Amino acid sequence: MTETLLAEMEEIRNLIAETFAKRNFLKQEMEKWYESHTNKRFERSDELITIDSTLSQLDSHYKRLWDYHYGKSAKI
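Residues numbered from 1 in each chain as written. Predicted model: local features only at pLDDT ≥ 70, side-chain atom pairs only at ≥ 80, totals over all residues. Heavy atoms only, no water.

Draft legend 1. Broad picture of the pattern of salt bridges. Applying the stated criterion across every chain yields a total of six salt bridges. The salt bridge involving D46 is made with R41; its shortest N-O contact spans 3.0 Å. K63 is the salt-bridge partner of D67, the closest N and O atoms lying 2.6 Å from each other. Taken together, the residues D67 and K63, both in helix α2 (residues 45–75) and four residues apart, mark about one turn of the helix. The class of K63 is partly exposed, set by a relative accessible area of 48%. The network of salt bridges with shared partners includes E29, R44 and E47. (Salt bridge = Lys/Arg side-chain N within 4 Å of Asp/Glu carboxyl O. Helix = DSSP H or I, 4+ residues; strand = E, 2+ residues; numbered from the N terminus. Buried < 20%, exposed > 50% of the residue type's maximum accessible area, 1.4 Å probe, protein only.)

This is the structure we're talking about:
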């Protein structure tokens, strides 16, 4: 069970890193876009919102696994 849990935690960490990189890229694109489109909504705003939501969910899931795995050993 522990090996499976740790493998899942590693996979989620990788997904967090990938999602964070996508978010940073999109935010940089947004900054450049607003330099020439001051009064318009960023064309990929919905994608950025989805990425932010995904990142939050991944982070929450990782924390639950962390608390489950390391919370037990902290009580011993």
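Draft legend 2. Expanded view of the side chain of R23. Mapped onto the elements, R23 comes out in helix α1 (residues 2–36). Apart from residues no more than four positions distant in its own chain, R23 is found in contact with L48, I51, D52 and L55. (Contact = heavy atoms within 4.5 Å.)

Draft legend 3. Structural view of a nonpolar patch on the surface. Taken together, the side chains of L6, W66 and Y70 make up a nonpolar region of the molecular surface, amounting to roughly 270 Å² of accessible area. The topology assignment puts Y70 in helix α2. (Patch = residues over 30% accessible without salt bridge, like charges linked within 9 Å, V, L, I, M, F, W, Y side chains within 5 Å. Areas by Shrake-Rupley, 256 points an atom, 1.4 Å probe, with all protein chains shown as cover.)

Draft legend 4. A look at the nonpolar core. Listed in full, the eight residues of the largest apolar core are L5, M9, I12, I16, L55, L58, Y62 and L65. Those elements that provide at least two residues to this core are α1 and α2. With near-sequence residues (within four places) excluded, I12 lies in contact with L58, H61, Y62 and L65. (Core = buried A, V, L, I, M, F, W, Y, C linked by side-chain atoms within 4.5 Å.)

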